[in-house]
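Chain by chain, the residues:
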Number of protein chains: 4
Amino acid sequence: MTTQETFDEPLNLMDFERLAPEKLTQMAWDYYAGAADDLVTLRDNRLAFNKIRLRPRMMVDVSQRDLSTSVLGQSMPMPLLFAPTAFHRMAHPDGEIATVRAAGSRGLTMILSSLSTTPLEDVAQAAAQAATAPLWFQLYVYKDRGLTESVVRRAEAAGYKALVLTVDAPYFGRREADIRNRFFLPDGLEVANLRGTGKEDIDRPKGGSGLNAYVASLLDASLTWKDVNWLCTLTDMPVIVKGILRGDDAVRALEHGAKGVIVSNHGGRQLDTSPATIDVLPEITEAVGGKLDVVLDGGVRRGTDILKAVALGAKAVAIGRPILWGLAYNGEAGVQRVVDLLREEFSLGMALAGCASVRDITPDLIFQPRL
Amino acid sequence: MTTQETFDEPLNLMDFERLAPEKLTQMAWDYYAGAADDLVTLRDNRLAFNKIRLRPRMMVDVSQRDLSTSVLGQSMPMPLLFAPTAFHRMAHPDGEIATVRAAGSRGLTMILSSLSTTPLEDVAQAAAQAATAPLWFQLYVYKDRGLTESVVRRAEAAGYKALVLTVDAPYFGRREADIRNRFFLPDGLEVANLRGTGKEDIDRPKGGSGLNAYVASLLDASLTWKDVNWLCTLTDMPVIVKGILRGDDAVRALEHGAKGVIVSNHGGRQLDTSPATIDVLPEITEAVGGKLDVVLDGGVRRGTDILKAVALGAKAVAIGRPILWGLAYNGEAGVQRVVDLLREEFSLGMALAGCASVRDITPDLIFQPRL
Amino acid sequence: MTTQETFDEPLNLMDFERLAPEKLTQMAWDYYAGAADDLVTLRDNRLAFNKIRLRPRMMVDVSQRDLSTSVLGQSMPMPLLFAPTAFHRMAHPDGEIATVRAAGSRGLTMILSSLSTTPLEDVAQAAAQAATAPLWFQLYVYKDRGLTESVVRRAEAAGYKALVLTVDAPYFGRREADIRNRFFLPDGLEVANLRGTGKEDIDRPKGGSGLNAYVASLLDASLTWKDVNWLCTLTDMPVIVKGILRGDDAVRALEHGAKGVIVSNHGGRQLDTSPATIDVLPEITEAVGGKLDVVLDGGVRRGTDILKAVALGAKAVAIGRPILWGLAYNGEAGVQRVVDLLREEFSLGMALAGCASVRDITPDLIFQPRL
Amino acid sequence: MTTQETFDEPLNLMDFERLAPEKLTQMAWDYYAGAADDLVTLRDNRLAFNKIRLRPRMMVDVSQRDLSTSVLGQSMPMPLLFAPTAFHRMAHPDGEIATVRAAGSRGLTMILSSLSTTPLEDVAQAAAQAATAPLWFQLYVYKDRGLTESVVRRAEAAGYKALVLTVDAPYFGRREADIRNRFFLPDGLEVANLRGTGKEDIDRPKGGSGLNAYVASLLDASLTWKDVNWLCTLTDMPVIVKGILRGDDAVRALEHGAKGVIVSNHGGRQLDTSPATIDVLPEITEAVGGKLDVVLDGGVRRGTDILKAVALGAKAVAIGRPILWGLAYNGEAGVQRVVDLLREEFSLGMALAGCASVRDITPDLIFQPRL
């Protein structure tokens, strides 16, 4: 069989990951692919999904599947969001504009990172042109609360529909590849949302990661749950707390005004040897008892992973790195392809598991091995 | 020791698998050996058997072993069937004729696939010449119920003794090797049972797997358990439901008229990360409580695997890919050798486990590790 | 550091195994090192020991250790026997004579295999010259009971002190390396205990293993527990049943007159995927409740393995292959070195675990992980 | 990216280990890195930490972290000690002087080994010049109790603040690399604390390890718990018992006058297949119920390992080999770097886990997987 007879496009999200190093500088690849310390949690996120077995139901009419769902009352064409990831212009010149257009073209919600290389207003404008899928904005609380408030006001004004507060990053984790590379934001790239504040550059340090130094100088490590209340008073946007790994913390989020939580270990980039997100999901959905919506990120690479997360109580999942691999591969079209493959897998997975709608994805789909 | 002094024939079913790529086109090998997504379930089928430990009984008179059993009242020389597999002429020019002759010569029942490259009538005729071992027919329910009914009538007329309804394939799983290869049925091969209907060809697509497109256009993804009742009214052949992985579904099969179930994950080719069949067998045999016969396929490669499945409640096992490896290796004689090796292993395994008959293969043979 | 400055002798039993292939023909190495089917049980014997953790006691006076024990009332300098293994002259020209001299020089009991390449009388004579350590004789019951009886009588006459009846071999397991090699007993070697009966040769077959064919023609696969009673009436030697892997079978051995059992899976050479012997030992010692002595073989390679087996209720362990590696390495002196290393390790292990005598090796030494 | 643009210093303790062989003779590397028998326990120490998952708490004010703790009433800047390790001048010419200066410069307590290559008085003097961090002295009880007593008196006179009695070494474990190397103390190095007693040299033996022979001749293998009482009467220094792996032994230590225990398997160098220290820690802290202080060594390589040990009840941890790797790398500065990296990781780990002080490192940080 000669090469031209085969189909050589990436067929799944892992293919995109394998192709990404060709498209990226070493520093960018290391930044995106890397994680904290020994990468234990990074790998565990994947392994934990792979260990779960699905119990498919047979002889259900699955000729029509309804993949749609809703999170925080917002309807979505499938239970998938774009997790916030930083510096898209490091992956592709079109950066966040390409990403949001791809999301919009599929009706999906992108959570824009505070650390975007495109101003939030420009992203919102591009989104409005592409489609009506709402945008959410990921927020870090800065030591300078005035600056924080101004960013929130700008997001609100630009039409963002929810505020995703990252709570697992009083500091950034120790990502050794970034330290080795003395990570900095390349010439021409900036933290665009802070343009003109004197805080838009991430310079190359003599040692260590420039990003970690940047974050340590900017972010407030003294946050407590009362700050969630403060944030809720600041805006009409619903607040979603991202970075929860314990049931008691999810309950605290609820008590302090959050409307949702994202179960996340920050892609293994914060505390290494944190549990895989799918492993703690049951504890969290049980603790909140449906009183707030639960989204999960971390290791989602296959349609069956979405089935597993939803079966264990998540309203939706979010993907981070795969969006970047698609973006690096081919800009907007690359991201669309990533999303289309995952949607195709999820739709087929629902059919093969006997689920005609997302409501049919119930806990009994999860196999509990006998001891 | 020089080469000619050693015995170089394949000694077990894994040897046949190792030799198969030499005998097959890349596309055929990939089709037979492949499975869905990441091959998790494919590998798990084998691993799960390998993790089970057998507790042999000593000092039982095993000088004579009776390997025979019965399934659906049909006596069999050993608890082994040929699982339905597609396109045997892609493995060997003699195709299903060679396979059925090998089965018949050993008194074993072949389940002919709907997707055979030889018409069911020709296979039945060859079988009748070879021996009296009954044939079973594997059925897909087509969107066109008239076509479905005509195939059932033809199978009945040709003397098939049971109808094996595949229920795990509203669509075909995503087998990436087939997508990469743009799988099609080579010139000269056809879906012989549909000859003359305009649905006998599987063409090469521009992208994707031609088989998946073919199946999506032909099969009915809206089947429900009522269709089993309908099928039972259509024929006097007992109906066996293939593709069950849950106890509740096995009970539903019983309630809707089935006489047996085949515990199967379609060789890992449908929903990836489905459980290994041997891991769900106990749940299923417990649920049906002997009210219908349970057959298992998936990962059976050693005589001890048959012991394990029978000890956990299966009436028999079925093997799929090993038949194809034997067929590719040497046509009818190759399939006979595969079967003879497995029979030899099973017979010896019974002796070494202290079982003089299949009835002696009881649950206490399975070792339960202490915690 | 130059080579001559280091100590290059084998330092442990695994070293002897690594060196053995240099000393043996391929056929002999394959025969000794091989096992049934996929070698699952062979490997599991070792892995199971390696998974067990020992809980050492501190601050016990271990300046003097008493390694001695007794089995069947026979005192032994340490809880170690030589398991019966076949064809020692295939490993070294001195064969069983070298082995028994090494055993005797250390006060250890050798269990002579029925399949020795030296007549049992010659072995007994050599043993008597070397030391006073009693010999035991391993017996297969032949189809020809007269022949069986004559062998028992000869063993008794030659001074053997116990009869070890192998019960796990109605047939021999399928050892694929032997089949590939078309195993036979090389010229000049014979089953010496059957010299002159016409059953002393093991010829090379056209296919398969000559040993398996030999065994199938000679051994009685119809044995039942009543044959243990028969054997007990035949001789005053105590009968020990070798090849037990279940508690109920150990109780049956007791009920039919045996004085001891050897927990053994025949070194993984009979039913593959049988449990590791150390994994079933607790069930067996619990079932017999001290009413008969339990010996274990299978995977013992380190002094700590002996500690583990004794802590879990064994009176002693037996080693098979390591004796052959020592024999191949350097005849009698090689076997002595194997035994001396193991004794040194066991003695040190006792000291480090806080055991001044074998009685101190109690079940609390075994770590039970919390769940 | 060119090499000079990256940061090439060791970034974690494993980096120091990887670099160490370049700085050491083969014999020294083998001695430091080696362990008993098959290195099962050595590896298990690390693996066991890596299997534990931490449940971080979010939204705790961690802008200021208090890393300090106290052990035996002695305050420490972080829960870290230097475990006693032998022969520092084999790693670096400055030997124990460099080590103690590094410890002192960070306010950390070094436990000086009896087998130091620098006299305890010289180490104490160097410590006094560097800082006020107290020193502890590790003691072996010699067969010659007068010699033992004189060493204790000297330690007391030199200002050591605690006596760490090693109880897991009636003999030294079988470290095969040392046997292979015929380990000896190189010219110019001596067991400095025994200078002038005729017991200061460790000569190269004809076979085996010179160290093991040395230890066997010198140490008392008849110690019992009463000797702890004796030691307590001998000195006002608190006695800490090192080498405990069982709850009952920890209780015995308490009953015989010890003020603390160090949970240790001697870095895997004594009884191989002993449990990982972190795996037995819960049993031990539960058994002593806070009545004495528990320190743990064995496999601590990451800041998160300290979190895990403290969460499971340890007051502090000790590190051994990493100190030697730092010493070999760059003397005092190398050791400082090792400590600084670990402190940085621990501090960050506390922040990311939501712990503002060591008191906040509670058992609920440990993830218990559901079954």
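Now for a look at the structure at hand. (Residues numbered from 1 in each chain as written. Chains lettered and ligands numbered in written order. Predicted model: local features only at pLDDT ≥ 70, side-chain atom pairs only at ≥ 80, totals over all residues. Heavy atoms only, no water.)

**A look at the interface of chain B and chain A**
And then number 1: Taken together, the contact between chain B and chain A spans 46 residues of the former and 42 residues of the latter.
And then number 2: Here chain B packs against chain A, burying approximately 3600 Å² in sum over the two surfaces, 56% of which is carbon and sulfur.
And then number 3: A per-residue breakdown of the area chain B buries against chain A is headed by B:R174, B:R180 and B:R246, which together make up 21% of the total.
And then number 4: Run the count over chain B and chain A and you get eight salt bridges.
And then number 5: Measuring nitrogen to oxygen at the nearest pair gives 3.9 Å for the salt bridge that ties B:D37 to A:R302.
And then number 6: On the surface where chain B and chain A come into contact, there are 19 residue pairs in polar contact (both at pLDDT 80 or more).
And then number 7: Contributions of two or more residues to the side of chain B that touches chain A are made by helix 2 (26–33), helix 3 (40–51), helix 7 (176–181), helix 9 (225–234), strand 7 (239–244), helix 10 (247–255) and helix 11 (277–288) of chain B.
And then number 8: Top element by residues in the side of chain B that touches chain A is helix 11 of chain B. It accounts for five residues.
And then number 9: Broken down by class, the residue content of the side of chain B that touches chain A amounts to 19 nonpolar, 11 polar and 16 charged. (Contact = heavy atoms within 4.5 Å. Buried area = accessible area lost by both parts, 1.4 Å probe. Salt bridge = Lys/Arg side-chain N within 4 Å of Asp/Glu carboxyl O. Polar contact = N/O pair within 3.5 Å; in protein donor to acceptor, adjacent residues only side chain to side chain. Helix = DSSP H or I, 4+ residues; strand = E, 2+ residues; numbered from the N terminus. Nonpolar A, V, L, I, M, F, W, Y, C, P; charged D, E, K, R; others polar.)

**Focus on the relation of the copies chain D and chain A**
And then number 1: Between the two copies, chain D and chain A, the superposition gives an RMSD of 0.0 Å; the rotation angle is 90 degrees and the shift along the axis is 0.1 Å. Expressed as an axis order, the relation between the two copies is that of a four-fold axis.
And then number 2: Residue by residue, only 2% of the interface of chain D is reproduced at the interface of chain A, so the copies engage with different surfaces. (Least-squares fit on C-alpha atoms with pLDDT ≥ 70 in both.)

**Notes on the interface of chain D and chain A**
And then number 1: At the interface, 41 residues of chain D touch 46 residues of chain A.
And then number 2: Between chain D and chain A, a total of about 3600 Å² is buried, with carbon and sulfur atoms accounting for 56% of that surface.
And then number 3: The three residues of chain D that bury the most area against chain A are D:M58, D:M59 and D:L352, which together make up 22% of that side's buried surface.
And then number 4: One can count eight salt bridges joining chain D with chain A.
And then number 5: Summed over the shared surface of chain D and chain A, the number is 19 residue pairs in polar contact (both at pLDDT 80 or more).
And then number 6: Residue assignment for the side of chain D that touches chain A shows that the elements contributing at least two residues are helix 1 (13–23), helix 12 (303–311) and helix 13 (321–353) of chain D.
And then number 7: No other element matches the eight residues that helix 13 of chain D contributes to the side of chain D that touches chain A.
And then number 8: Taken together, the residues of the side of chain D that touches chain A break down into 19 nonpolar, seven polar and 15 charged.

**Describing the sheet that holds strand 5 (residues 136–139) of chain A**
Residue and element names in this part refer to chain A.
And then number 1: The strand order 3-4-5-6-7-8-9-10 describes a closed barrel built from eight strands, whose pairing is parallel. Averaged over all pairs of adjacent strands, the angle between their axes in this sheet comes to 30 degrees, without regard to strand direction.
And then number 2: Summarising the sheet, strand 3 (residues 80–82) and strand 10 (residues 316–319) pair through three bridges and their orientation is parallel. Residue pairing in the sheet places F82 in a bridge with I319 of strand 10. (Pairing = 2+ DSSP bridges. Axes fitted to C-alpha atoms, helices over the stretch in contact; angles between N-to-C directions.)

**Brief notes about the packing of aromatic side chains**
All names here are of chain A.
And then number 1: Under the definition given, this model contains 36 aromatic pairs over all chains.
And then number 2: Seen in terms of ring centroids, Y31 and F87 are 5.6 Å apart; in terms of plane orientation they differ by 45 degrees. Their pairing is tilted. Of this pair, Y31 sits in helix 2 (residues 26–33) while F87 sits in the loop between strand 3 and helix 4 (95–105), and the two are 56 residues apart along the sequence.
And then number 3: With relative accessibility at 0%, the residue F87 sits in the buried group.
And then number 4: Ring-pair connections join several aromatic residues into one group, and the members of that group are W29, Y31, Y32, F87, F183 and W325.
And then number 5: The lysine or arginine in question, R145, covers the ring of W230, its NZ or CZ lying 5.4 Å from the ring centre. (Phe/Tyr/Trp six-rings, centres within 6.5 Å; stacked < 30°, edge-to-face > 60°. Buried < 20%, exposed > 50% of the residue type's maximum accessible area, 1.4 Å probe, protein only. Lys NZ or Arg CZ within 6 Å of the ring centre and 35° of its normal.)

**Section: helix 10 (residues 247–255) of chain C**
All names here are of chain C.
And then number 1: Turning to helix 10, its buried residues are G247, D249, A250 and A253. All buried residues of helix 10 fall inside an arc of 165 degrees around its axis, so they share one side.
And then number 2: Considering only its buried residues, helix 10 is in contact with strand 7 (239–244), strand 8 (260–263) and helix 11 (277–288). (Arc of directions from axis to C-beta.)

**Some points on the pattern of salt bridges**
Note that side chains of opposite charge can pair when their charged atoms are close.
And then number 1: Evaluation of the coordinates by the stated rule reveals 88 salt bridges over all chains.
And then number 2: The salt bridge involving B:R302 is made with C:D38; its shortest N-O contact spans 2.8 Å. Pair noted here: B:R302 is in the loop between strand 9 (293–297) and helix 12 (303–311) and C:D38 is in the loop between helix 2 (26–33) and helix 3 (40–51), and the two residues belong to different chains.
And then number 3: Overall, B:R302 belongs to the buried group, its relative accessible area being 2%.
And then number 4: The class of C:D38 is partly exposed, set by a relative accessible area of 24%.
And then number 5: Connected via shared salt-bridge partners are A:R57, A:D364, B:R246, B:D248, B:D249 and B:R252.

This is a description of form; function is not addressed.
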